[in-house]
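Inside the fold
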Amino acid sequence: MDMDSSSTLITERLTLRRWTSSDTPFLFDLYSRPEVQRYIGRTPRMMADVSEVAPLLERWEALRSGMQGVWGVFDDEQPCGVVLLKPIPASGNREPSGDVEIGWHFHPDSWGRGYATEAAAAVLVAGFESGLDRIVAVTHRENVASQAVCRRLGMTHLGLSDRYYDTTCELFEALR
Ligand SMILES: CC(C)(COP(=O)(O)OP(=O)(O)OC[C@H]1O[C@@H](n2cnc3c(N)ncnc32)[C@H](O)[C@@H]1OP(=O)(O)O)[C@@H](O)C(=O)NCCC(=O)NCCS
């Protein structure tokens, strides 16, 4: 299976597919919110202008490879969040570390329904089916909601790590 324009992942309640430019208003709404950006990146930065979405979509397109890339998660046709599966940069040189990470960013209107866990579970399965042996997740130390997603997914908590992104994160892993 390949994450091309024709492929989607279907779960009990959700559809995961590629983002398109028609999803721009949702992505701007998502990434302009402090409660979404609070624990993302070393220095959280809210999107200030809708024009920032197009370059983001371009960066996401460049990440597409097999089942890796950035998925849009939809409840019927309503966008609710982002799940990514991509190479994770090492601390220091920011070169690819050799590991692949899974991550999730959901709109607050969609929190508390199990959507992030349901969508990420499907992406983990797809990642392993595509041949990956190990998938990691990193969260900000205080991001207990994201750590709970890792635990619900059955990922193993490996403790604090400074291996990635030039910062110290809680590290989780899932093995095939
Ligand atoms: C991290 C994030 C995705 C977690 O979202 P979430 O909604 O708490 O996670 P889930 O989708 O797994 O939902 C679990 C919640 O839904 C509830 N729930 C309701 N119906 C459910 C169902 N049918 N199945 C499973 N859980 C359900 C669970 O009880 C749980 O609620 P609780 O935490 O209050 O007990 C969200 O907080 C977010 O997007 N944050 C901003 C971005 C971010 O920080 N991303 C992570 C960077 S590392």
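Look above for the structure.
Let us look at the structure shown here. Quick caveat: nothing in here was measured; it's all calculated off a predicted structure. (Residues numbered from 1 in each chain as written. Predicted model: local features only at pLDDT ≥ 70, side-chain atom pairs only at ≥ 80, totals over all residues. Heavy atoms only, no water.)

Digging into the site of the ligand
Test applied: We define proximity as follows: a residue is near a molecule or strand when any one of its heavy atoms falls within 4 Å of that partner. Distance and chemistry together define a polar contact, namely a pair of N or O atoms within 3.5 Å, with one atom able to donate a hydrogen and the other to accept it when in protein, and with adjacent residues in sequence counting only for side-chain atoms on both sides. Shrake-Rupley sampling with a 1.4 Å probe provides the accessible areas, and residues are treated as covered by the protein chains on show and by no other component.
For the ligand, the set of nearby residues contains 19 residues, the closest of which are W104, F106, G112, A116 and T117. Taking W104, its main chain carries an N or O atom lying 2.7 Å from a nitrogen atom of the ligand. A distance of 2.9 Å is found between an oxygen atom of the ligand and a backbone nitrogen or oxygen belonging to G114. For the ligand, whose unbound accessible area comes to 960 Å², protein coverage reaches 67%.

Focus: the pairing of strand β8 (residues 169–175)
Test applied: A 1.4 Å probe rolled over the protein chains alone gives each residue an accessible area, and that area as a share of the maximum for its type sets the label: buried under 20%, exposed over 50%, partly exposed in between. Working definition: helices are DSSP H or I runs of at least four residues, strands are E runs of at least two. Numbering for both runs from the N terminus. For two strands to be treated as a pair, DSSP must find at least two bridges joining them.
β8 sits mainly inside the fold: 6 of its 7 residues count as buried. With 6 bridges connecting them, strand β6 (residues 134–139) and β8 associate as antiparallel partners. Note that in β8 the partner of T139 across the bridge is E170. Across 5 bridges, the pairing between strand β7 (residues 156–161) and β8 is antiparallel. Of the residues in β8, the one forming a bridge with T156 is E173.

Topic: the sheet that holds β6
Taken in spatial order, the 8 strands of this open sheet run β1-β2-β3-β4-β5-β6-β8-β7, and their pairing is mixed. In the strand order of this sheet, the two ends are held by β1 (9–10) and β7, each with one partner. Pairing analysis gives 2 bridges linking β1 to strand β2 (residues 15–17), with the strands arranged antiparallel. Residue pairing in the sheet places L9 in a bridge with L16 of β2.

Examining the environment of S91
Put simply, the rule reads: Contact between two residues is taken to exist if any of their heavy atoms lie within 4.5 Å; hydrogens are not considered.
Along the polypeptide, S91 turns up in the loop between β4 (78–89) and β5 (96–106). Between the C-alpha atoms of S91 and L56, which are 35 residues apart in sequence, the distance is 22 Å. Leaving out residues up to four positions away in the same chain, S91 has contacts with D162, R163, Y164, Y165, D166 and T167. A polar side-chain atom of S91 sits 3.2 Å from the main-chain amide nitrogen of Y164.

What about the packing of aromatic side chains?
We apply this condition: Any two of the Phe, Tyr and Trp rings considered here, Trp counted by its six-membered ring, make a pair once their centres fall within 6.5 Å; the pair's planes then place it as stacked at under 30 degrees, edge-to-face at over 60, or tilted in between. Sitting over a ring, as applied to charges here, requires NZ of Lys or CZ of Arg to be within 6 Å of the ring centre and within 35 degrees of the ring normal.
Tallied over the full model, the rule gives 4 aromatic pairs. The interplanar angle of 40 degrees and the centroid separation of 6.1 Å between the aromatic rings of W19 and W60 together place this pair among those described as tilted. Taken together, the residues span a long stretch of sequence, with W19 in the loop between β2 and α1 (24–31) and W60 in helix α3 (residues 53–62) at a distance of 41 residues. Given a relative accessible area of 8%, W19 falls into the buried group. Centroid distance W19 to F74: 5.4 Å. Interplanar angle 50 degrees. Geometry classified as tilted. With W19 in the loop between β2 and α1 and F74 in strand β3 (residues 69–75), this residue pair connects regions lying 55 residues apart in the sequence. No difference in accessibility class separates W19 from F74, as the two residues are buried. Counting every residue linked through ring pairs, the aromatic cluster contains W19, F26, Y31, W60 and F74. The residue whose ring lies beneath R17 is F74, and the NZ or CZ to ring-centre distance is 3.8 Å.

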